[in-house]
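For reference, the chains in residue letters:
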Amino acid sequence: MSNNYHRLLKRQLKKIDLDDSTLDLIAPLLHQVDEAYKAYDCDLEQVENVLEKSSQELFQTNQQLKNSVESISGQLSKVAGNIKDVIFEMDLNGNWSYLNPAWRKLTGYKVKDCLGKPYYQFLKDEQGNDLKNLIDLRTPNFKTISKSFKSQIITGEHKWLDFSLKVIMSEDGNIEGYIGAIVDISKIKETELALIEAKEKESMANKAKDEFLTTMSHEIRTPLNAVIGISHLLLLENPKPEQLENLSTLKHSSEHLLCLVNDILDFNKIASGQLELEERDFSLNQVLNGLGSIFHNTAKEKDIRLLIKKDTSIPKTFIGDSTRLSQILTNLVSNAIKFTEEGKVKVDIEVLEVKEDFYFLEFIISDTGIGIPEDKKDKIFLSFAQANSDTTRKYGGTGLGLAICKRLLEIMDSDLELESEVGKGSTFSFKLKLQKSSMTDHQEDIYSFDAKSFHEQDNLKGTRILVAEDNKVNIMVIEKFLSKWQVDFEIAENGLIALNKALENTYDMILMDLQMPVMNGFEASKAIRDSNNPLNKVMPIYALSASTGMDIKNQLGEYGIDGLICKPFNPTELFKTLTSILQQKYIQ
């Protein structure tokens with residue numbers, strides 16, 4: 001038997017104990033078996049090497065994975081530990097299963113003392129009671145929930161907390177637990193409450209300001225009403241020719257004074273965007289004539305020329321807000337004369353374009369005054385601002401005029417433009433689109449105040465009007481006009497008297513002052529409307545008042561008042577307004 005055979009083959013041959021002749025006979029077969037054993041050993045060794053190598057690689061990979069998990073867990077722990085907000089996990093019963101370190105900083109409780117215990121033992125309401133009803137875990141019908149509340153913590157201090165919770169769902173759709181966060185929003189809430197308080201204070205300040213403006217408006221306009229009304233009355237009483245110019249100047253000057261007062265009292269309305277423009281027929285000639293009457297003497301006193309001219313193709317009458325146009329022109333001409341020591345002030349109106357019934361006009365107001373420095377041109381359009389700090393001391397003024405002009409023109413879809421050179425003068429200009437009026441020349445003449453022709457009309461003759469007014473001078477003025485118009489009127493010195501008269505008598509209209517003793521105009525109007533007399537429910541009641549507060553018009557409807565006629569009133573406009581109101585009543 002060969003000694004080179006594989007050990008396993010040798011062992012098998014030894015067991016069967018064959019003789020040499022037999023061994024020689026099967027020698028080729030034994031040689032093949034020997035090769036098979038040796039080949040098996042090689043394969044087995046190779047497999048063992050592969051398995052050993054794979055086992056080493058598997059161990060290394062497992063170790064790397066373990067290190068990675070530990071690293072990620074460490075990073076997550078660091079993140080959770082450094083987050084200022086509380087992050088938590090909660091089981092199905094509402095017990096804490098995880099709380100990050102921010103919990104102790106927020107509440108004062110140690111994390112280990114809270115784990116496994118219900119949330120409501122540690123979250124309290126404002127009075128320190130358990131917040132058992134913060135969330136309903138017995139029948140949860142939410143995926144996420146968020147609530148804000150004021151909580152008392154362990155130290156007795158109060159904090160505003162934002163509590164958010166999200167459901168953790170398993171793959172089969174069952175709730176496994178909850179995860180969420182608690183954020184301290186105390187500073188945000190304090191800011192929010194401070195803003196609410198500031199807004200309330202601002203609202204109260206605005207209300208106080210509006211009440212102040214209403215009171216000031218009433219107190220200033222009331223005597224102005226007397227001045228303007230009496231100047232009109234004097235013009236009605238056949239003045240001597242030499243007195244006519246003085247009375248006309250008095251009338252226009254008092255109206256100019258009203259415009260100056262309006263610059264202050266109406267600025268709040270203009271700035272807030274609540275100003276409404278009127279659309280009615282007006283005479284451009286009358287506006288320009290009034291402008292000349294107001295400033296003729298002022299210019300003459302300073303020995304400067306005031307020139308007013310317009311394109312001959314411009315119609316006499318247009319549709320628009322003549323009061324605001326006059327206010328703009330008055331402010332610009334007043335400034336031009338104020339800042340001009342020699343030379344002239346010129347008002348020029350030119351036609352730029354005509355389209356159907358619309359005229360595009362340019363109004364140019366130029367002077368030879370002190371001029372405005374280039375770096376001050378933007379400043380002069382700001383509220384209460386003038387070109388130089390000594391301007392108010394030297395020339396006077398509120399610094400509101402140009403700001404109001406600019407705002408008014410913006411409302412009219414226009415803009416105020418300025419060209420100026422120091423020492424040579426300034427030129428202000430603006431463009432307006434105005435619709436031509438259908439008034440005839442005869443109507444335009446009537447529209448301008450003509451005492452003899454206008455007051456001979458009998459549109460209001462026999463009309464019964466109740467006037468509620470407590471000011472003696474105002475009563476005198478309104479009495480004279482109503483008498484001239486042949487109105488059958490009665491005077492009530494306060495709201496209570498007006499109410500009693502309205503209950504006892506029948507009137508075509510009531511003119512109601514709003515600020516009166518005993519009972520104000522609002523309360524009296526409401527009581528008249530609520531009376532049993534059905535005629536009082538439809539009878540026109542108009543506020544004839546010097547009050548022009550921001551909320552006056554809004555309040556009128558609440559008290560059954562149909563509209564507002566502002567004092568000081570223009571007698572011509574008052575006559576037209578009363579006629580229109582009564583005609584509308586009879587039509588209805």
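What you see is a predicted model; the values in this text were computed from it and never measured. (Residues numbered from 1 in each chain as written. Predicted model: local features only at pLDDT ≥ 70, side-chain atom pairs only at ≥ 80, totals over all residues. Heavy atoms only, no water.)

## Some words on the overall build of the protein chain
Let me state the cut-off plainly: Where helices and strands are cited, they refer to DSSP runs of H or I of at least four residues and of E of at least two residues respectively, numbered from the N terminus. In what follows, residue pairs with any heavy atoms lying within 4.5 Å of each other are defined as contacts. Values of accessible area rely on a 1.4 Å probe in the Shrake-Rupley scheme; residue burial ignores everything except the protein chains shown.
The number of helices and strands found in the protein chain is 20 helices and 17 strands. Taking contacts inside the protein chain between residues at least 6 apart in sequence as the whole, the part at least 24 apart equals 63%. When the accessible surface of the protein chain is summed, it comes to about 33,300 Å², and 51% of that surface belongs to carbon and sulfur atoms.

## Thoughts on the confidence of the model for the protein chain
Just so we agree on the cut-off: Residue-level confidence of the predictor is summarised by pLDDT, bounded by 0 at the bottom and 100 at the top.
For the protein chain, per-residue confidence averages 83 on the pLDDT scale, and 87% of positions sit at 70 or higher. Residue range residues 389-398 is modelled with pLDDT below 50. Its contacts to residues more than four positions away, or to other chains, number 16 contacts. Under a pLDDT of 50 for its full length, residues 442-454 has, in the predicted model, 27 contacts with residues more than four places off or in other chains.

## Brief notes about the sheet that holds strand 1 (residues 86-90)
Cut-off, in case you're wondering: A strand pair is defined by DSSP finding two or more bridges across the two strands. Between N-to-C directions, angles cover 0 to 180 degrees, with each direction set by a line fitted to C-alpha atoms, over the stretch in contact for helices.
What the 5 strands build is an open sheet, ordered 2-1-5-4-3; its pairing is antiparallel. Looking at the sheet topology across the chains shown, the edges are occupied by strand 2 (96-99) and strand 3 (144-152). Between one strand axis and the next, the sheet turns through 25° on average, direction left out of account. Two elements, strand 4 (residues 158-169) and strand 5 (residues 175-184), share 9 bridges in a ladder whose sense is antiparallel. Looking at strand 5, one finds that Asp162 is bridged to Val183.

## A look at the pairing of strand 15 (residues 509-512)
Condition: Classification of residues uses two cut-offs on accessible area relative to the type maximum, computed with a 1.4 Å probe and protein chains only: under 20% is buried, over 50% is exposed, and between them is partly exposed.
Covered by surrounding structure in strand 15 are Met509 and Leu511 together with Ile510 and Met512, the residues of both alternating faces. Sheet analysis places strand 13 (residues 464-468) next to strand 15, joined by 4 bridges and oriented parallel. When the sheet's bridge partners are listed, Val467 is paired in strand 15 with Leu511. Where strand 15 meets strand 16 (residues 541-545), 3 bridges bridge the pair, whose relative direction is parallel. Residue pairing across strands places Leu511 opposite Tyr542, the latter belonging to strand 16.

## Side note on the pattern of salt bridges
As a reminder, the rule being used: Salt bridges are defined by distance alone: a side-chain nitrogen of Lys or Arg within 4 Å of a carboxyl oxygen of Asp or Glu.
Scanning the entire structure with this criterion turns up 19 salt bridges. The residue Glu192 makes a salt bridge to Lys189 at a minimum N-O spacing of 3.7 Å. Placement of both Glu192 and Lys189 in helix 6 (residues 186-236) is noted, with a separation of 3 residues, approximately one turn of the helix. Taking the relative accessible area as the measure of exposure, Glu192 reaches 37% and is therefore partly exposed. Linking Arg464 and Asp488 is a salt bridge whose minimum nitrogen-to-oxygen distance equals 3.1 Å. One end of the pair, Arg464, is in strand 13; the other, Asp488, is in strand 14 (residues 488-492), and 24 residues separate them in sequence. Using a relative accessible area of 25% as the deciding quantity, one classes Arg464 as partly exposed. Among the charged side chains, a network of salt bridges with common partners joins Arg464, Asp488, Glu490 and Lys501.

## Thoughts on the pairing of strand 9 (residues 344-355)
Pairing geometry for strand 7 (residues 305-310) and strand 9, over 6 bridges, is parallel. Residue Leu307 lies in a different strand from strand 9, and its bridge partner there is Lys346. Both strand 9 and strand 10 (residues 358-367) contribute to a ladder of 10 bridges, which runs antiparallel. When the sheet's bridge partners are listed, Val351 is paired in strand 10 with Leu361.

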